[in-house]
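# Geometric and topological summary
One letter stands for each residue in the lines below.
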Amino acid sequence: MKFDNIIIGGGVAGLTCAIRCAQAGLKTAVIAAGQSALHFSSGSIDVLSRLPNGTTTHYPFDEFDTLAHQSPQHPYSKLGADVTRQAIDWYQQTMTNIGIELQHQADNCNHLRITPMGTFKATWLSQATVHPFPMFDPAQALHRIALVTIDGFRDFQPQLAADNLRLLPHFANVDITTATIALPDAELMQRNPCEYRSIDISRVLVDENTLQRFALAMRNTIGEADLVVLPAVFGNGTGIKVIKKLEQLTGYTVCEIPTMPPSLLGIRLEDAMKSYYKSLGGLILAGDEVTHGEFENNQLQRIFTRHHGDMPLVANHYLLASGSFFSRGLHAERNHIEEAIFGLDIAPLTSTNHQHWYQPQFFSDQPHQFLGMGVETNQQLQPSLNGNVITNLYCAGAILAHYNPIFEGSGSGVAISTGFHAAQSMIALHDQHSSTAIFPSLAEGNI
């Protein structure tokens, strides 16, 4: 099978590249081995909240020059602030057009999103159903907050979150309460309530009659509140409509909070991106995985997958967005790491002693070094194999070296911007090739 582009990986980076290529009319295929990391994500888009030296940053795009000085090989340093901002703006507008409204602060500052622990994390874009707490005054205009869960639901403990929230100075004068609401028709699920997962609850609340009864129970239990924080249990497809209906029924402003996987906020993004990509004519080879590829003249000529056996898939250009260790894009041995599919060149390790790759404490103020490992690329995000640049292969997202997505708070931003940049490069080369094919004499300067 022949394509203009083949994308290896169905996460944020891969789908970003695939959508942009499909928008340009390129025949594109995505090979997705399984669930992406979006099933474990907050559903917000982080750009940058901390520089590599540990300095907190509130205005991410204002810090790209400093970032480039500290980390010249960082993916953002290779792209620059203008390209990165163009990519993030394109993503925000694209998602809004397909029904997922993403918002950022008017002053281009990060905002805070609340976590299930009652703490805050800085981010750049959040879904409209996630309250954007202002960075410097998170309790602004809030006098009473209610943290609410579903009876029997174990993935959000509002009392724990409330206790932590009360410790923050900004919330000293805010009345913080908790409540537990029984799920109507829970008995029809024929399961122990303690086995509820977010996706189970969403299937119950999508029923309008059930939602009305749930709304009434909320009003009777919570009373007055400026903001009601609920776990994200309102579905990935119709979830936004369900929340808007719930706000109409109760008069509350509802804030969704991400829960333990499956994260419906993250799945909402993935499903919307996949549906839009398919509507553009894109192909997703779901549940398949690339086993190996064949290279000639410093180009990837063809790839082979588990499902297609000895029948190759061929494209003019390829993107590798297979993720890091979590998604099995990278493989670690005791004293070295490998890119799992093609054996691409890896950025030099700071130490071959694996005990230096991580901090003794999981929640450490210092970065875990293994999260900054990955494939070495040039300025165009093209990798090399045995020292030779592969000119029709690009890399994007967590497979890349020289950045730490957790420590820096940059994971989604890097994924979107590098996937977008790779797509723009593919589109430009495709257009150039098409023009040469149609007007060869013009391309040769004979007219």
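Structure first, text after, so check above.
Below or above, wherever it landed, is the structure these notes cover. (Residues numbered from 1 in each chain as written. Predicted model: local features only at pLDDT ≥ 70, side-chain atom pairs only at ≥ 80, totals over all residues. Heavy atoms only, no water.)

## Examining the overall build of the chain
Along the chain, the regular secondary structure elements total 12 helices and 20 strands. By residue count, 51% of the 447 residues in the chain fall in the buried class. By element, 50% of the accessible surface of the chain is carried by carbon and sulfur atoms, the whole surface being about 19900 Å². (Helix = DSSP H or I, 4+ residues; strand = E, 2+ residues; numbered from the N terminus. Buried < 20%, exposed > 50% of the residue type's maximum accessible area, 1.4 Å probe, protein only. Areas by Shrake-Rupley, 256 points an atom, 1.4 Å probe, with all protein chains shown as cover.)

## Examining the packing of aromatic side chains
In the structure shown here, the tally under the stated rule is 8 aromatic pairs. The ring of Phe407 carries Arg50 above its face, with NZ or CZ at 3.9 Å from the centroid. Across from the ring centre of Phe61, 4.9 Å away, lies the NZ or CZ of Arg85, which sits over that ring. (Phe/Tyr/Trp six-rings, centres within 6.5 Å; stacked < 30°, edge-to-face > 60°. Lys NZ or Arg CZ within 6 Å of the ring centre and 35° of its normal.)

## Things to note about the pattern of salt bridges
Counted under the stated rule, the structure contains 12 salt bridges. We note a salt bridge from Asp163 to Arg166, for which the minimum N-O separation is 3.1 Å. One end of the pair, Asp163, and the other, Arg166, are both in helix α5 (residues 158-166), 3 residues apart, so they sit about a helical turn from each other. Judged by relative accessible area, which is 38%, Arg166 ranks as partly exposed. A salt bridge links Arg328 to Glu289, with the nearest nitrogen and oxygen atoms 3.7 Å apart. One end of the pair, Arg328, is in the loop between β15 (314-320) and β16 (330-332); the other, Glu289, is in the loop between β12 (283-286) and β13 (290-296), with 39 residues separating them in the sequence. (Salt bridge = Lys/Arg side-chain N within 4 Å of Asp/Glu carboxyl O.)

## Describing helix α6 (residues 198-205)
Extensive coverage of α6 is indicated by the burial of 6 of its 8 residues. Elements that come into contact with the buried residues of α6 comprise β8 (144-150), α7 (208-222), α8 (239-250) and α9 (264-279). (Contact = heavy atoms within 4.5 Å.)

## Section: the sheet that holds strand β7 (residues 133-134)
As summarised here, the arrangement of the 3 strands in space is β5-β4-β7, forming an open sheet in which the pairing is antiparallel. Single-partner strands in this sheet number two, and they are β5 (120-123) and β7. Relative to β7, strand β4 (residues 111-114) is paired through 2 bridges, and the arrangement is antiparallel. Residue Leu112 lies in a different strand from β7, and its bridge partner there is Phe133. (Pairing = 2+ DSSP bridges.)

## Observations regarding α9
Taking 1.5 Å per residue, 16 residues should reach 22 Å; α9 reaches 22 Å between its end C-alpha atoms and fits that length. Restricting attention to buried positions, one finds in α9 the residues Leu264, Leu265, Gly266, Ile267, Arg268, Leu269, Glu270, Ala272, Met273, Lys274, Tyr276 and Tyr277. Gly281 lies just past α9 and shows a positive phi near 95°. (Expected span 1.5 Å × (residues − 1).)

## A short note on the sheet that holds strand β10 (residues 227-231)
In space, the 4 strands of this open sheet follow the order β9-β8-β10-β11, with parallel pairing throughout. Two strands in the sheet have a free side with no partner beyond their single neighbour: β9 (175-181) and β11 (254-257). Pairs of neighbouring strands in the sheet enclose a mean axial angle of 25°, with direction left out of account. The strands touched by α7 are β8, β9 and β10; relative to β9, the strand with the most contacts, the crossing angle is about 140°. (Axes fitted to C-alpha atoms, helices over the stretch in contact; angles between N-to-C directions.)

## Quick word on unusual backbone geometry
Positive phi outside glycine occurs at Leu381, with the angle close to 65°. Mapped onto the secondary structure, Leu381 falls in the loop between β17 (337-339) and β18 (384-385). Of note, the phi angle at Asn386 is positive, near 55°, even though the residue is not glycine. Its location among the elements puts Asn386 in the loop between β18 and β19 (388-389).

## Description of empty space enclosed by the protein
Think of a ball as big as a water molecule: rolled over the atoms, this probe shows where empty space is left. The full count for this structure, using the stated rule, is 1 cavity of 30 Å³ or more. Put simply, the largest cavity is a space of about 40 Å³. In terms of lining residues, the largest cavity is bounded by Gln73, His74, Pro75, Lys78, Val375, Thr377, Leu381, Leu400, Ala401 and His402. (1 Å grid on protein atoms, 1.4 Å probe; cavity = no way out; pocket = protein on both sides within 12 Å on 5 of 7 lines; lining within 4 Å. Points joined across faces, edges and corners; volume = space filled by probe spheres on them.)

## Some points on the environment of Val204
Relative to the assigned elements, Val204 resides in helix α6. Assessed through its relative accessible area of 12%, Val204 is described here as buried. In sequence terms Val204 and Pro184 are 20 residues apart; their C-alpha atoms lie 8.0 Å from each other.

## Brief notes about the nonpolar core
Counting residues in each nonpolar core, the largest one holds 73 residues, and the members touching the most others are Ile6, Tyr91, Ile303, Leu319, Leu320 and Phe342. Lining this core are residues from two domains, each supplying at least three of them: domain 1 (2-34 + 48-99 + 287-436) and domain 2 (110-260). With residues near it in sequence (within four places) discarded, Leu320 still touches Ile8, Glu339, Ile341, Phe342, Leu344, Leu393, Tyr394, Cys395, Ala396 and Ile399. If you look at the next biggest cluster of nonpolar residues, it comprises 47 residues, including Leu183, Tyr196, Met218 and Leu230. (Core = buried A, V, L, I, M, F, W, Y, C linked by side-chain atoms within 4.5 Å. Domains from an automatic or database assignment.)

## Considering the pairing of β4
Going residue by residue along β4, you find His111 and Arg113 tucked away on one face and Leu112 and Ile114 tucked away on the opposite face as well. The pairing of β4 with β5 spans 4 bridges and is classified as antiparallel. Each bridged residue has a counterpart across the sheet, and for His111 the counterpart in β5 is Thr123. Two successive antiparallel strands, β4 and β5, enclose a turn made up of 5 residues, where Gly118 displays a positive phi of approximately 80°.

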